[in-house]
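Below, each chain spelled out in residue letters.
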Amino acid sequence: MLDTESFHLETTLVKEMMIDADKVAQVQLSNPLEHALLVLTKTGYNAVPVSNFEGKFEGIISKSNIVEAMFGLEQIEVERLQNHLVEDVMNKKVPTLQYDDIMEKALHTLIDYNFVCVVNDEEELMGIITRRQLLKQFRNKYYLDQGKNI
Ligand code: 4BW
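Residues numbered from 1 in each chain as written. Predicted model: local features only at pLDDT ≥ 70, side-chain atom pairs only at ≥ 80, totals over all residues. Heavy atoms only, no water.

K.L.:
Would you mind going over the sheet that holds strand 4 (residues 57-62) with me for this structure?
P.N.:
Strand pairs in the sheet, formed through backbone hydrogen bonds, run parallel or antiparallel to each other. In spatial order, the strands read 2-3-4; together these three strands make up an open sheet with mixed pairing. Bordering the open sheet on either side are strand 2 (27-28) and strand 4, each of which pairs with just one other strand. Relative to strand 3 (residues 47-51), strand 2 runs parallel, the two being bridged by two bridges. Among the inter-strand pairings, Gln-28 is bridged to a residue of strand 3, identified as Ser-51. Packing of helix 2 (residues 33-43) onto the sheet brings it into contact with strand 2, strand 3 and strand 4, and relative to strand 4 it is tilted by some 70 degrees. (Pairing = 2+ DSSP bridges. Helix = DSSP H or I, 4+ residues; strand = E, 2+ residues; numbered from the N terminus. Contact = heavy atoms within 4.5 Å. Axes fitted to C-alpha atoms, helices over the stretch in contact; angles between N-to-C directions.)

K.L.:
Whenever I open this one, the site of the ligand confuses me. Can you help?
P.N.:
Close to the ligand lie 15 residues; Lys-23, Ala-25, Asn-46, Ala-47 and Arg-132 are nearest. The contact in question runs from a nitrogen atom of the ligand to an N or O atom on the backbone of Lys-23, over 3.1 Å. Contact between the ligand and Asn-46: an oxygen atom at 2.7 Å from a main-chain N or O atom of the residue. Protein coverage of the free-state accessible area of the ligand, which is 750 Å², stands at 68%. When atom positions are compared with the pocket grids, the ligand is found to occupy the largest pocket. Looking at the shell around the ligand, the elements that each hand over two or more residues are strand 3, strand 7 (125-130) and helix 7 (131-145). Among the residues forming the shell around the ligand, the class breakdown is seven nonpolar, five polar and three charged. (Near = heavy atom within 4 Å. Polar contact = N/O pair within 3.5 Å; in protein donor to acceptor, adjacent residues only side chain to side chain. Areas by Shrake-Rupley, 256 points an atom, 1.4 Å probe, with all protein chains shown as cover. 1 Å grid on protein atoms, 1.4 Å probe; cavity = no way out; pocket = protein on both sides within 12 Å on 5 of 7 lines; lining within 4 Å. Sits in = over half its atoms within 2 Å of the grid points. Nonpolar A, V, L, I, M, F, W, Y, C, P; charged D, E, K, R; others polar.)

K.L.:
Mind showing me how you'd approach the packing of aromatic side chains here?
P.N.:
Working definition: an aromatic ring pair is given by the centre-to-centre distance plus the angle between the planes. On inspection of all chains with the given rule, the structure shows two aromatic pairs. Between Phe-7 and Phe-138, the aromatic rings sit 6.1 Å apart at their centres with planes inclined by 80 degrees, giving edge-to-face as the arrangement. Of this pair, Phe-7 sits in the segment before helix 1 (14-17) while Phe-138 sits in helix 7, placing them 131 residues apart in sequence. Arranged with centres 5.3 Å apart and planes meeting at 75 degrees, the rings of Tyr-142 and Tyr-143 form a pair that is edge-to-face. A relative accessible area of 46% places Tyr-142 in the partly exposed class. (Phe/Tyr/Trp six-rings, centres within 6.5 Å; stacked < 30°, edge-to-face > 60°. Buried < 20%, exposed > 50% of the residue type's maximum accessible area, 1.4 Å probe, protein only.)

Interpretation in functional terms is not warranted from these geometric data alone.
Spelled out as structure tokens, the structure:
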């Protein structure tokens, strides 16, 4: 993690703080919903990024997207998890950040989203910035300014 003294909203870049893509749980557009639900359940996350087969970022899928897709006309139909793909139910309209954006931009987006995906010029997923990371920096800075250790 970036050291607290070096963190400044106006100058710290998203790439200095993001969780790298290789540590981010992800699913692919063409995965069945059953697989996506398994990933979300096993990792404990409520939502994860979705990429296509070329590794390009396409959006986010959440547990609630999947649960909604399980509703038939009268009851929950578990077999729908095998018949539908991630691309059928995912959220494609989500904001992204660029690698060289400043953290101030991330702050605005993280007010409405738990996490934001970071992409490069080719739209490949490079990582994510989470609320937790930003809050930890603010907390550490607050205590540093007060001259206290945490
Ligand atoms: O497995 C977990 N480990 C840790 N350390 N914390 C967790 C875990 N699961 C949930 N949490 C905590 C975090 O504080 O609950 C918050 C909300 O989780 P979420 O949204 O609703 O699943 C977590 O807040 P956060 O770290 O600021 O993360 C915000 C969101 O970013 C998560 C999840 O959708 C996504 N995310 C975080 N790390 C991820 C990830 N998605 C994929 N891979 C990762 N490594």
